[in-house]
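Listed here are the chains, written in short residue letters.
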Amino acid sequence: MQRTERLFALAEYLRGRRTGVTAEVLAERFGVTVRTIYRDLDTLRAASLPVGAERGRGGGYALDRSYSLPPVNFTAREAALMVALGRFAIDMRLLPFTGTLESALDKVRSALSTSAQRELLARLRELTFLGVPSLPTRKGVRESLERAWFERQSLRITYVDGNFLETVREVRIESVVMDRHETRLDAVDLASGERRHFRLDRITRAEVLG
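In the annotation of an unreviewed UniProt entry, the entry for the protein reads HTH domain-containing protein, and the organism field reads Corallococcus praedator.

Right under this line is the structure:
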């Protein structure tokens, strides 16, 4: 994630919570150091975003409560159901596009008042997801896949088959198949012209071709 993208995502995340979050949690959320988070928060403040620090239980960094909310009106019940479904999709790895889904959930939360967000958190704590999640995949692979699929670009992948043979292929994605515990790419191998499936968990590297 480029710094400009991270700053925007950080602003959305803070707007979505409206309650304090520590720099350590933010660093883990965005995959950077705590020092980088401090610099990013200073940059947001310099851009007139009212980021403040709250002390005590539930404290941390948060936007000023007077900061305007987007013109979307969700009830706590509507938002809880949407966020719960999104969390289920992320936890069970139902979709490979987790970064974009996380961003969308932040925007849903950002439409709620502080009291409604607290009610949302209370309701979510009462939900339990059972089941076996899909096989894990690499973050960089998921990000490249998302870009290639949405932008209709070809993809260069490093793939390890069932015999542990590693090959590099250039493919064009036809569809993304989510079947029980694994996600597969239905793609055309550009070198051979053959259409075949590639398991996402067996792709060790992916690069979008211009």
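What follows continues from the structure just given.
Chemist: Can you help me understand the overall build of the protein in this one?
Modeler: For the protein, the count of helices and strands is seven helices and seven strands. Mapped from its N terminus to its C terminus, the protein presents α and β elements in the order α-α-α-β-β-α-α-α-α-β-β-β-β-β. With respect to the principal axes defined by its C-alpha atoms, the protein has extents near 60 × 35 × 30 Å. Counting all 210 residues of the protein, 40% fall into the buried class. Within the protein, counting contacts between residues at least 6 apart in sequence, those at least 24 apart form 58% of the total. Within the structure as shown, the protein displays about 12,500 Å² of accessible surface, and the carbon and sulfur contribution to it stands at 51%.

Chemist: Would you explain the pattern of salt bridges in this entry?
Modeler: It is possible for side chains of opposite charge to pair when their charged atoms get near one another. The tally for this structure, following the rule as stated, stands at 16 salt bridges. A salt bridge links Arg-29 to Asp-106; the shortest N-O distance between them is 3.5 Å. Here the residue Arg-29 occupies a position in helix α2 (residues 23-30), and Asp-106 occupies one in helix α5 (residues 98-110), the gap between them amounting to 77 residues. Judged by its relative accessible area of 2%, Asp-106 falls in the buried class. The residue Arg-45 makes a salt bridge to Asp-42 at a minimum N-O spacing of 2.9 Å. Taken together, the residues span about one helical turn, with Arg-45 and Asp-42 both in helix α3 (residues 34-46) at a distance of three residues. Of the residues examined, Asp-42 reaches a relative accessible area of 46% and is grouped as partly exposed. Counted as one network, the salt bridges with shared partners bring together Arg-29, Arg-87, Asp-91, Glu-102 and Asp-106.

Chemist: How do you make sense of the confidence of the model for the protein when you look at a structure like this?
Modeler: Fine structural detail should not be taken from predicted coordinates in areas where pLDDT scores are low. Residues of the protein with pLDDT of at least 70 account for 92%, and the chain-wide mean is 85. Ranking the elements of the protein by mean pLDDT puts helix α6 (residues 114-124) last with 78 and strand β3 (residues 155-160) first with 97.

Chemist: I'm lost on the environment of Val-141 in this one. Help?
Modeler: With respect to the helices and strands, the residue Val-141 is situated in helix α7 (residues 139-151). You can call Val-141 buried: its relative accessible area is 3%. Sequence separation of Val-141 and Thr-204 is 63 residues, and the distance between their C-alpha atoms is 7.1 Å. Beyond its immediate sequence surroundings of up to four residues, Val-141 is in contact with Leu-200, Ile-203, Thr-204, Arg-205 and Ala-206.

Chemist: So what exactly am I meant to see when it comes to the nonpolar core here?
Modeler: Nonpolar side chains tend to gather and get buried jointly when the protein is soluble and globular. Grouped together as the largest cluster of nonpolar side chains are 18 residues, with contacts concentrated most on Leu-14, Leu-26, Leu-44 and Val-51. Breaking this core down by element, the ones donating at least two residues are α1 (3-17), α2, α3 and β2 (60-63). Residues within four places of Leu-26 in sequence aside, it is in contact with Leu-10, Tyr-13, Leu-14, Val-21 and Ile-37.

Chemist: It is not clear to me how the packing of aromatic side chains should be interpreted in this structure. Could you clarify?
Modeler: Overall, the coordinates contain six aromatic pairs when judged by the stated rule. Each ring, one from Trp-149 and one from Phe-150, has its centre 4.9 Å from the other, and the planes form 65 degrees; the classification is edge-to-face. Three or more aromatic residues joined by ring pairs form one cluster here, namely Phe-97, Trp-149 and Phe-150. Taking NZ or CZ as reference, Arg-29 lies 5.1 Å from the ring centre of Phe-30, over its face.

Chemist: What should I look at first to understand α3 in this one?
Modeler: Given 3.6 residues to a turn, an α-helix orients residues that are three or four positions apart in the same direction. Along its 13 residues, α3 runs 19 Å from first to last C-alpha, staying within 8% of the 18 Å computed at 1.5 Å per residue. Among the residues of α3, Thr-36, Ile-37, Asp-40, Leu-41 and Leu-44 are the ones counted as buried. Buried residues of α3 fall within an arc of 140 degrees about the axis and therefore sit on the same side. Seen from the buried face of α3, the exposed residues on the opposite side, beyond 90 degrees, are Arg-35 and Ala-46. On its buried side, α3 packs onto α1, α2, β1 (51-54) and β2. Among the residues trailing α3, Ser-48 stands out with phi positive, at a value near 75 degrees.

Cut-offs used in this document
Residues numbered from 1 in each chain as written. Predicted model: local features only at pLDDT ≥ 70, side-chain atom pairs only at ≥ 80, totals over all residues. Heavy atoms only, no water. Helix = DSSP H or I, 4+ residues; strand = E, 2+ residues; numbered from the N terminus. Buried < 20%, exposed > 50% of the residue type's maximum accessible area, 1.4 Å probe, protein only. Contact = heavy atoms within 4.5 Å. Areas by Shrake-Rupley, 256 points an atom, 1.4 Å probe, with all protein chains shown as cover. Salt bridge = Lys/Arg side-chain N within 4 Å of Asp/Glu carboxyl O. pLDDT = per-residue confidence, 0-100. Core = buried A, V, L, I, M, F, W, Y, C linked by side-chain atoms within 4.5 Å. Phe/Tyr/Trp six-rings, centres within 6.5 Å; stacked < 30°, edge-to-face > 60°. Lys NZ or Arg CZ within 6 Å of the ring centre and 35° of its normal. Expected span 1.5 Å × (residues − 1). Arc of directions from axis to C-beta.

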